[in-house]
Amino acid sequence: MASAPGPTVTPYAGFDKDADTVALRKAMKGLGTDEKAIIDVLAARSNAQRQELILQFKTAYGRDLISDLKSELSGHFEDAILALMSPPDLYDAKCLKKAMKGLGTDESAIIEVLCTRNNKQIHMIRDRYKKEFKHDLEKDLKDETSGNFKRILIGISQGGRDEGPADASRAAADAQTLYKAGEGKLGTDESEFQRILVAKSAAHLRLVFDEYEKVSKKSIEKAIKSEMSRDLENAYLTIVGFFRNPVEFYADLLQKAMVGVGTDEDRLIRIIVSRSEWDLELIKSTYMHKYKRTLVDAVKSEVSGDFRKLLIALIK
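These numbers come from a predicted model, not from an experiment. (Residues numbered from 1 in each chain as written. Predicted model: local features only at pLDDT ≥ 70, side-chain atom pairs only at ≥ 80, totals over all residues. Heavy atoms only, no water.)

> Looking at this structure, I do not really get helix H5 (residues 75-85). What am I missing?
What sets the pattern is the α-helix's 3.6 residues per turn: residues three or four places apart point alike. Among the 11 residues that make up H5, eight are buried, leaving the element largely enclosed by the rest of the structure. Those residues of H5 lying buried are Phe77, Glu78, Ala80, Ile81, Leu82, Ala83, Leu84 and Met85. Residues of H5 that are buried sit in contact with helix H2 (35-42), helix H3 (47-61), helix H4 (65-72), helix H6 (88-99), helix H17 (265-275) and helix H20 (305-315). (Buried < 20%, exposed > 50% of the residue type's maximum accessible area, 1.4 Å probe, protein only. Helix = DSSP H or I, 4+ residues; strand = E, 2+ residues; numbered from the N terminus. Contact = heavy atoms within 4.5 Å.)

Given below as structure tokens:
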């Protein structure tokens, strides 16, 4: 397994599951809750170590750690802690279920999760979704979305994207196909966009994006914006942005979550938690370079209390 290029959270070298469970039990026992103690332990342990703590807590005390955390915490702080305690595939499955629960659908959350996961991750999410919710992910996506956007999500949820090397001999032809399906005709042939952008490998698509600019004299992003709208546009721009440069893609999403009126706390949690053991260190640097302030300062200005302390602990 490849090592992460820039994590902010790594396996704790002095990991002692017994000492950690004692600290967590003490933090939640009796009147009041010691949120700082909870942050000190959980923000400094890897996801795999947190799974060990869940087992150790039940073994040592006959109590469910997740249930105890739920009963002691609240609000976005609780949401972030529970995100940390979930294995990645379970957390992604929960995010998708939440996005499709109740009135309305959070299409942006669905796009953010599904369009940025590899085949193995997609298959794990599908299996976990079925196990956890007794529902089929594909069926739920069909019920909650429609049209070409639905077809993209169904396509991505198969976990069948080619993951091989780029085919230089095909890149120019694929770019030409995209041009003829969009800018080069009246109307848009969305099926050709899906055939290439949803099915071809990331390495291949990066070549296609370069070739497209030679054909069109404009970027593939500009073409998508001029040819599509709303959720369909967002899905394709997510695929392009993530495959071009995932670090910059997430830096931009974090900025979007904090700019303007209101803060998208769910998105902050999704990105900071899911990237903390992968490339959050690189995202921090890119954010600073692009937006001229540290990610810590940005988060401090948008959220407060224990939720803020936890996010900062994960970022640092």
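> Is there a simple way to explain the packing of aromatic side chains in this structure?
Between two aromatic rings, the relevant description is the distance of the centres plus the angle of the planes. If you walk through the whole model with that rule in mind, you get nine aromatic pairs. Ring centres of phenylalanine 242 and tyrosine 250 lie 6.0 Å apart, and the angle between their planes is 80°; this geometry places the pair in the edge-to-face category. For the residue pair phenylalanine 242 and tyrosine 250, the accessibility class agrees, reading buried in each case. The rings of Phe242, Phe243, Phe249 and Tyr250 are connected pair by pair, giving a single aromatic cluster. In this structure, arginine 45 is placed above the aromatic ring of tyrosine 12, and the distance from its NZ or CZ to the ring centre is 3.9 Å. (Phe/Tyr/Trp six-rings, centres within 6.5 Å; stacked < 30°, edge-to-face > 60°. Lys NZ or Arg CZ within 6 Å of the ring centre and 35° of its normal.)

> Sorry if this is basic, but what is going on with the side chain of arginine 25 here?
With respect to the helices and strands, the residue arginine 25 is situated in helix H1 (residues 17-28). Look at arginine 25: it is buried, it has no salt bridge, and the nearest opposite charge is aspartate 68 at 4.2 Å. Sequence-distant contacts of arginine 25, defined by excluding residues within four places in its chain, comprise Phe57, Tyr61, Arg63 and Asp68. (Lys, Arg positive; Asp, Glu negative; His and termini not counted. Salt bridge = Lys/Arg side-chain N within 4 Å of Asp/Glu carboxyl O.)

> Looking at this structure, I do not really get the layout of surface pockets. What am I missing?
If a probe the size of a water molecule is rolled over the atoms, the empty space left behind becomes visible. Of the voids in this model, the second largest pocket is the one considered here, and its volume is about 630 Å³. Residue lining of the second largest pocket: 23 residues in total, with Asp79, Tyr91, Lys94, Cys95 and Lys98 positioned closest to the centre. Elements with a minimum of two residues in the lining of the second largest pocket: H3, H4, H5, H6 and H17. The leading source of residues in the lining of the second largest pocket is H6, at seven residues. Classifying every residue of the lining of the second largest pocket gives 12 nonpolar, two polar and nine charged. (1 Å grid on protein atoms, 1.4 Å probe; cavity = no way out; pocket = protein on both sides within 12 Å on 5 of 7 lines; lining within 4 Å. Points joined across faces, edges and corners; volume = space filled by probe spheres on them. Nonpolar A, V, L, I, M, F, W, Y, C, P; charged D, E, K, R; others polar.)

> What am I meant to see in empty space enclosed by the protein here?
Inspection of every chain in the model, using the stated rule, returns one cavity of 30 Å³ or more. Reported here for the largest cavity is a volume of approximately 50 Å³. Among the secondary structure elements, those contributing two or more residues to the lining of the largest cavity are H6, helix H7 (107-114) and H17. Each residue belonging to the lining of the largest cavity can be placed in one class, and the counts come to five nonpolar, two polar and four charged.

> Mind showing me how you'd approach unusual backbone geometry here?
For residues besides glycine, phi is generally negative; the peptide bonds are generally trans as well. At lysine 217, a position not held by glycine, the phi torsion is positive, near 70°. Structurally, lysine 217 can be placed in the loop between helix H13 (202-216) and helix H14 (220-227). Overall, the relative accessible area of 71% leaves lysine 217 in the exposed class. Unusually for a residue other than glycine, lysine 292 sits at a positive phi of about 60°. Within the fold, lysine 292 resides in the loop between helix H18 (280-291) and helix H19 (295-302).

> Help me out: how do you make sense of the side chain of aspartate 279 in this one?
Inspection of the secondary structure assignment puts aspartate 279 in the loop between H17 and H18. At a separation of 2.9 Å, a polar atom in the side chain of aspartate 279 contacts the side chain of arginine 275. Beyond its immediate stretch of four places on either side in the chain, aspartate 279 contacts Pro5, Gly6, Pro7 and Val247. (Polar contact = N/O pair within 3.5 Å; in protein donor to acceptor, adjacent residues only side chain to side chain.)

> Even after reading the chapter, I still don't get the nonpolar core, so can you show me in this structure?
For soluble globular proteins, the rule of thumb is that nonpolar side chains tend to be buried together. Of all hydrophobic cores here, the largest spans 93 residues; its most connected members are Ile81 and Tyr236. Here tyrosine 236 is in contact with Ile152, Glu190, Phe193, Gln194, Leu197, Val198, Ile224 and Met228, once residues within four sequence places are set aside. (Core = buried A, V, L, I, M, F, W, Y, C linked by side-chain atoms within 4.5 Å.)

> Would you mind showing me how to read H2 here?
When H2 is considered as a whole, its buried residues turn out to be Ala37, Ile38, Ile39, Val41 and Leu42. In this structure, the buried side of H2 is in contact with H1, H3, H4, H5 and H20.

> Quick question: what am I supposed to make of the pattern of salt bridges here?
Side chains carrying opposite charge are able to pair once their charged atoms draw close together. One pass over the structure, following the stated rule, counts 25 salt bridges. The shortest N-O distance in the salt bridge between aspartate 140 and lysine 97 comes to 3.8 Å. Residue aspartate 140 is found in helix H9 (residues 137-144), and its partner lysine 97 is found in helix H6; the two are separated by 43 residues along the sequence. In this structure, arginine 275 engages aspartate 279 in a salt bridge whose closest nitrogen and oxygen atoms are separated by 2.9 Å. You can call arginine 275 buried: its relative accessible area is 9%. The exposure class of aspartate 279 is buried, given its relative accessible area of 2%. Taken together, the salt bridges that share partners define one network made up of Glu112, Arg267 and Arg270.

Note that every value here comes from positions in space, so none of it alone points to a role or purpose.
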